[in-house]
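# Architecture and fold: a report
Listed below are the residues making up each chain.
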Amino acid sequence: MHTGIYGNRIRKDRISTSKILPWASLSLGILLLLGILLHTGCSKDTEGIFYSLEQEEKAVDNTLPNDVRITGNMIKVTVGSEDRYYVCAGSLFYRTADLADNKPWTKIKSPISSGIVSGVAEAGGRIYVSLSNGSEHGLFQLSTDGNAYEQVNLYSAKQIIRLFTLNNTLFASAGTILDDRFELLFWDGSGLVPTGEHPYKIVAGAWDGVNYWFASPSDLFRFNTPPTSNGWAFTPYYSHEAPNTSPAPELNDKTYFTDLFVDFTDPSVSSPPYPLYLSSSDGYILKTKDGGVSWKSSVDHNRSFQSISKVRDIIILGAGGSVIRELPKAVSDNDLDTLDTPGGNFSRLPDLYGSNVIRVFGFGDILYAGTTANGLWRGDYSSDPKSPTWSQE
């Protein structure tokens, strides 16, 4: 990266600004401005200022409020004969998954006053939603038509912070720092029951076709049997707090885990376990293709990766203030070091490349990116994966 023309500070005892002629002051100011522009324009991840001012464009926009915060996950499900998206954006919103008809998003009224939605998941043919207003908590099913909440609160003991489905089993990560302990629960057919996990805060879960994986910020857990009423014995498979017990050297000193993703469509894998990816907010991406026997680690990318998913054959990262990043060779070449900025009109949309992306969701050729304050964005990779079309929901 260029340091600019005036990378070193001017010493006041050598050049007195009061002795510079007016025309010289103007020239100096112009040179300083050019130095700043050169410094900005040569950044790998930032558009040059002149180019951006000339090429910036307004995003194609749908009906979801542009200033909402994405507060949980997003799913694609079939309700009746209609494919739908559901997304946690403060409240729960849904719309048809057919992008061609451009139908608006519909908000579902919360059953808890001022309740914020933290998760949505489908299991056993039913859609479950978790909510909380800080003092009142709930887990609810949607009606069979998917348009409203049923009135029965299925769980109210603690705030659910994550909701996800693994191998058609519903899991809920519950508790906050104000509670006695965090818990990982699962749906046994009639209610949420403990898995035996405590006191770890589970931030992500995945199933690779053989193993159930869970991540806390500094621990990984692996189980090769389904949960039962007797619970699992929650001994960490890997813990940053116990480095001498690391199952693979590539995991040593890794921490601040944020998300897990299993690639069920990797063309090089015909049977489970399927490739598992792990992201961290301290700049690393890790991958195992053999169920955790061995791992591959990326270099330190010096970015805070918050979420991980896949669109077409590209692994996608929600990169916080760095917005979205792609790992274009992670699937084909097992390359976790090559990091790209998305193409298309990505860099011409200031509201997008100025966002803080905390969640990414891939659905075939379509990517959704959830932000902390700029709503939900869509990247359409169907025509050209190197030049997706970006718009704002």
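Above this text you will find the structure in question.
Summarised in this report is the structure supplied together with it.

Along strand E24 (residues 366-371), six of the six residues are buried, which leaves the element largely enclosed by surrounding structure. Residues of E24 alternate between two faces, with Ile 366, Tyr 368 and Gly 370 on one and Leu 367, Ala 369 and Thr 371 on the opposite face, all of them buried. Examined bridge by bridge, strand E23 (residues 357-363) and E24 share six bridges and lie antiparallel to one another. Among the inter-strand pairings, Gly 362 is bridged to a residue of E24, identified as Leu 367. By the bridge criterion, five bridges tie E24 to strand E25 (residues 376-380) in an arrangement that is antiparallel. Looking at E25, one finds that Gly 370 is bridged to Leu 376. Hairpin connection, E24 to E25: the antiparallel pair is bridged by four residues, and Gly 375 has positive phi, about 70°.

Before going further, it helps to spend a moment on the nonpolar core. In this structure, Leu 220, Leu 260 and Trp 295 are the most contacted members of the largest nonpolar core, which totals 19 residues. Among the secondary structure elements, those contributing two or more residues to this core are strand E12 (204-207), strand E13 (212-216), strand E16 (257-262) and strand E17 (276-280). When residues in this core are grouped by element, the largest group, three residues, is from E16. Apart from the residues lying within four places of it in its own chain, the contact partners of Trp 295 are Trp 213, Leu 220, Tyr 237, Ala 248, Glu 250, Leu 251, Leu 276, Leu 278, Leu 286, Lys 287 and Thr 288.

The subject of this paragraph is unusual backbone geometry. The step from His 198 to Pro 199 runs through a cis peptide bond, and the omega angle for that step is 5°. Structurally, Pro 199 can be placed in the loop between strand E11 (192-197) and E12. The omega torsion across Pro 272 and Pro 273 is 5°, close enough to zero to call that bond cis. For Asp 253, which is not glycine, the phi torsion reads 65° and is therefore positive. Topologically, Asp 253 is positioned in the loop between strand E15 (238-239) and E16. On the basis of relative accessibility, which here comes to 57%, the residue Asp 253 falls in the exposed class. Positioned with a positive phi, Val 323 is a non-glycine residue whose angle comes to about 70°. Tracing the chain through its elements places Val 323 in the loop between strand E21 (314-318) and strand E22 (324-327).

Parameters and conventions
- Residues numbered from 1 in each chain as written.
- Predicted model: local features only at pLDDT ≥ 70, side-chain atom pairs only at ≥ 80, totals over all residues.
- Heavy atoms only, no water.
- Buried < 20%, exposed > 50% of the residue type's maximum accessible area, 1.4 Å probe, protein only.
- Helix = DSSP H or I, 4+ residues; strand = E, 2+ residues; numbered from the N terminus.
- Pairing = 2+ DSSP bridges.
- Core = buried A, V, L, I, M, F, W, Y, C linked by side-chain atoms within 4.5 Å.
- Contact = heavy atoms within 4.5 Å.

Distances and angles like these do not, on their own, reveal function.
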